[in-house]
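One letter stands for each residue in the lines below.
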Protein chains: 2
Amino acid sequence: MPVSQIAIELTQAGGTYADQITGQLRTAIESGELQPGDRLPSARGLSAELGVARGTVTAALEGLIAEGLLETRQGVGTFVSVDALPAVRPRRRARPRLSIAARRLPRPEIDAPRPGAIDLRPCRPSTREFPRNQWRRCLADAAQRQPDPDYGSARGPLALRRAIAAYLRRARGYTVEPDNIVITSGSAHAMHLFAAAHAIAGTTAVVEDPGYALARHTFAMAGAELLACPVDTDGLCVGDLPMQPEGPAVVIVTPSHQFPTGARLSLGRRRYLVEWARRHGAVIIEDDYDGEYRYDVAPLPPLAALADDCVIYCGTFSKTMFPGLRIGFAAGPAEYIAAMARYQALTAYAPGDVVHRALAEFIDAGHFERHVHRMRKHYAKKRRSVTDVLSALGVDAELTGLDSGLNGLLRLNDGRSAEQLCENAALHGVVANSLERYRFQSKPTDDAIVIGYAEPTTTELAQGLNVLLSTSGV
Amino acid sequence: MPVSQIAIELTQAGGTYADQITGQLRTAIESGELQPGDRLPSARGLSAELGVARGTVTAALEGLIAEGLLETRQGVGTFVSVDALPAVRPRRRARPRLSIAARRLPRPEIDAPRPGAIDLRPCRPSTREFPRNQWRRCLADAAQRQPDPDYGSARGPLALRRAIAAYLRRARGYTVEPDNIVITSGSAHAMHLFAAAHAIAGTTAVVEDPGYALARHTFAMAGAELLACPVDTDGLCVGDLPMQPEGPAVVIVTPSHQFPTGARLSLGRRRYLVEWARRHGAVIIEDDYDGEYRYDVAPLPPLAALADDCVIYCGTFSKTMFPGLRIGFAAGPAEYIAAMARYQALTAYAPGDVVHRALAEFIDAGHFERHVHRMRKHYAKKRRSVTDVLSALGVDAELTGLDSGLNGLLRLNDGRSAEQLCENAALHGVVANSLERYRFQSKPTDDAIVIGYAEPTTTELAQGLNVLLSTSGV
């Protein structure tokens, strides 16, 4: 390797010669004038060139070697060290063009909070009645334990899986082992774990239309072709499922309370769907996102209780506890749950155990079911107030999907545009979504508004519905 | 559609004729003898065939129509309803062959807990000293708040992002805005969010070798080609990074304490790495998984502090708080953080807010830094006890990587196999990993054991090292 040329100038007023040599060499290295791996002239050569004692040059070089800016290679010479090079001037340089771009991902379509507004959008529970004292005690108990030095199970703490299994048996008639449960951050996350953990690419996934956008995104991101299936007042139109042998691999369905129309999948359709899935070797993803809330109707068995061999049951505590808890779960056949847990381990290790243990205690102590029971009555009252307000308003409309869940569907028969009503209402501090927002491929009709009635007070509901349904005249 | 043949037999003792007709039709439907969409004979035809009054047949059919098992199509006839069909016999049928298989995913390689064993594996903090009372109060305060009815930010609660930004500035000299932070479930999850949110497929990702298996898995799962880069006692050998213009898009590095060798990336290499990344438009993923613990050495600036334009800084509270907390974060340029938050919104909505708010308070109140400070002294003591035990044992070995972090690397000079020693120790209740376990493509040497010294007590450390290093003779 050739010796690098360096220009060192010594002055009388610049300090000791050794210091000047050291300083100028350092500057040359830091400025990039000298590059990593560059070979320096020998001490003898430098000494001759600069006209100083060889010991002076050696002292200067040894200082830089000690600093790690230079290194000697035995019998070869002195080099600029890789570890020294080159100095960085963070702010002076133009922003580098990076070679990585964001993936083209769909918009998440999560309703952004609208503080101060009367909010009639679906999926927002009322949190005023949440029993904070009981919850605080459960959290404090969980914090009392010495934390584990290990990372915990990718399926989530056993205590919580046990509590959920017992709850599903009591409340939903669905018997499942704790080992067949994986704790997630909610039902959308449960679907994501299923889609990401399985060979979904190139398969067909049936989605409800109108339906839940994140379910579509999740399976589309995993490479599935989406097939829209219509819904009516009995839920998913299962008679429209394709009958050819090489059919869809997955059906994603909200049987308790179709999102967002509120329809309940009839028992006959439940049986048909399960039979259809078995004949076609398909997996049913049952998104029971608010199955705890039903009012004057008898409970229907979840699909998972009818067929625990081909259904992944996805539940969430977002509506029964509160959304910020971020705890949900998937339950189903062992091999699917194992694959989902493995994917969770690969991406996030484990779901955590602080709030998880607190939630287990909250369920085991009966607080959870008492709270759900109270809230069922509470929401039933709000639901009545919606129908009362609508009667009083005398709007020519039909309100459906009220058997269960936290929202209904208002179909306008007076020719007004739902989209337009929602837009006008937003200008007056009332937020609501038209059904159009949830459509995928189905024909737009633009005559229905989703009415989430759980979170607003009854006064706000009356006010909100008044604004929403009269703004066309404002 | 042809009329289906049905065999109905009426008896004198079988109840009313109408009930018998209803019962036998229902059985035919539920057994699958009648299929959805099958057309029934007309009431007149049935009445003639069975020899009963037409009103009796009509009453029977109307009962089944009310039940939803049959449906009439105006002017066509009576059909078996799709909503009724067919009854499911869950247990009698062979397990269906499902069309979806698990993806071929790597093994997560997370160390499974070994209760009762003396555990010398890395990444396990001591949790005995964790200030549970202070933590409990922070949790109780967080539980005191009325929960939000909304889902929160996909970046995580602002209070926590603010607390982390302030901490990074104080403790690491890294200035970053709360908006440039996304809360994750740990540093592995931060890497996953980056890899999943960006167009990684087909790019090259440089990984340390030996190194962190999950980092390799994360980028391989996202479709990157992995390029192994060796490490030495100064950390990643940055001089080995490829110099051609179309180089790697990502470099994943553990500068504070190379995992698992414990080497600290020198300042010169830090500068070189940043400069290299800028020249090549590459992104550096800085995994600062235990950067809080350093002992007799001065802190070096994180790469993110040297170059906030091309570094994603990934941190975790798993070692400073406890692993089950599952809170970490990524900080970096706005466009990357935005893409990661979007991916998080699409898959899990938001990271949650109960423990997150508690952690924000724990940091803001100073508990966190006091705890880290105490633990730094505590771990320094344990580290000394490791060197003391090794001296006393008189093993011909070299212990490196002790400047910082929670583990060191023991290189044996006596020709014994590290793998063999670990295997033998496991039989005697002592768990440790040889360096081989962390290798990717580098040449096996089989002479080093990773010694995690944070979790065991000093007595257990002495006992564990004795068993580990003497078992070849057992």
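Calculation rules
- Residues numbered from 1 in each chain as written.
- Chains lettered and ligands numbered in written order.
- Predicted model: local features only at pLDDT ≥ 70, side-chain atom pairs only at ≥ 80, totals over all residues.
- Heavy atoms only, no water.
- Helix = DSSP H or I, 4+ residues; strand = E, 2+ residues; numbered from the N terminus.
- Buried < 20%, exposed > 50% of the residue type's maximum accessible area, 1.4 Å probe, protein only.
- Pairing = 2+ DSSP bridges.
- Salt bridge = Lys/Arg side-chain N within 4 Å of Asp/Glu carboxyl O.
- Contact = heavy atoms within 4.5 Å.
- Axes fitted to C-alpha atoms, helices over the stretch in contact; angles between N-to-C directions.
- 1 Å grid on protein atoms, 1.4 Å probe; cavity = no way out; pocket = protein on both sides within 12 Å on 5 of 7 lines; lining within 4 Å.
- Points joined across faces, edges and corners; volume = space filled by probe spheres on them.
- Nonpolar A, V, L, I, M, F, W, Y, C, P; charged D, E, K, R; others polar.

## Considering unusual backbone geometry
And step 1. The peptide bond linking A:Asp209 to A:Pro210 adopts the cis configuration, its omega dihedral lying at 0 degrees.
And step 2. By secondary structure assignment, the location of A:Pro210 is in the loop between strand S5 (204-209) and helix H7 (213-221).
And step 3. Even without being a glycine, B:Cys123 presents a positive backbone phi close to 70 degrees.
And step 4. With respect to the helices and strands, B:Cys123 occurs in the loop between strand S3 (118-119) and helix H4 (132-144).

## Things to note about the pairing of strand S13 (residues 407-412) of chain B
Residues and elements named next belong to chain B.
And step 1. Most of S13 sits inside the fold, with five of its six residues counted as buried.
And step 2. Alignment of strand S12 (residues 397-400) against S13, held across four bridges, turns out to be antiparallel. Looking across to S13, one finds that glutamate 398 is bridged to arginine 411.
And step 3. The antiparallel pairing of S12 with S13 creates a hairpin that spans six residues between the two strands, and glycine 401 there sits at a positive phi of about 75 degrees.
And step 4. As paired elements, S13 and strand S16 (residues 448-452) share five bridges and run antiparallel to each other. Bridging across to S16, leucine 409 finds its partner in valine 450.

## With respect to the pattern of salt bridges
And step 1. Within this structure, the stated rule accounts for 40 salt bridges over all chains.
And step 2. One salt bridge connects A:Asp148 with A:Arg145, and the closest N-O pair in it is separated by 3.6 Å.
And step 3. Exposure remark for A:Asp148: the relative accessible area of 30% places this residue in the partly exposed category.
And step 4. Looking at A:Arg145, the relative accessible area reads 32%, which means it is partly exposed.
And step 5. In this structure, the salt-bridge partner of A:Arg357 is A:Asp353, at a minimum N-O distance of 3.8 Å.
And step 6. On the accessibility criterion, A:Asp353 (13% relative accessible area) is buried.
And step 7. Among the ionic contacts, a cluster of salt bridges with common partners joins A:Asp119, A:Arg121, A:Arg124, A:Arg128, A:Glu455, A:Glu460 and B:Asp150.

## A look at the pairing of strand S2 (residues 77-80) of chain A
Residue and element names in this part refer to chain A.
And step 1. Looking at chain direction, strand S1 (residues 70-73) and S2 are connected through four bridges and run antiparallel. Across the sheet, residue threonine 72 finds its bridge partner in S2, namely threonine 78.
And step 2. The hairpin turn running from S1 into S2, its antiparallel successor, is three residues long, and glycine 75 in that turn takes a positive phi close to 75 degrees.

## Describing the sheet that holds strand S4 (residues 181-184) of chain A
All names here are of chain A.
And step 1. Taken together, the eight strands give an open sheet; going across it, the order is S4-S11-S10-S9-S8-S5-S6-S7, and neighbouring strands pair in mixed fashion. With one partner strand each, in any of the chains shown, S4 and strand S7 (235-236) form the two edges of the open sheet.
And step 2. Two strands pair when backbone bridges link them, and S5 and strand S8 (residues 250-253) are joined in this way by two bridges, in the parallel orientation. Among the inter-strand pairings, valine 206 is bridged to a residue of S8, identified as valine 251.
And step 3. Where helix H6 (residues 187-197) meets the sheet, its contacts fall on S4, S8, strand S9 (283-287), strand S10 (311-316) and strand S11 (328-331), and the angle it forms with S10 comes to roughly 145 degrees.

## Some thoughts on empty space enclosed by the protein
And step 1. Counted under the stated rule, the structure contains eleven cavities of 30 Å³ or more.
And step 2. Here the largest cavity defines a volume of roughly 480 Å³.
And step 3. Of the residues contributing to the lining of the largest cavity, the split by class is 16 nonpolar, 18 polar and four charged.
And step 4. Looking at the second largest cavity, its volume works out to about 380 Å³.
And step 5. Taken together, 26 residues form the lining of the second largest cavity, with A:Tyr349, B:Glu109, B:Cys123, B:Tyr212 and B:Phe259 sitting closest to its centre.
And step 6. Of the residues in the lining of the second largest cavity, the class split is 13 nonpolar, five polar and eight charged.

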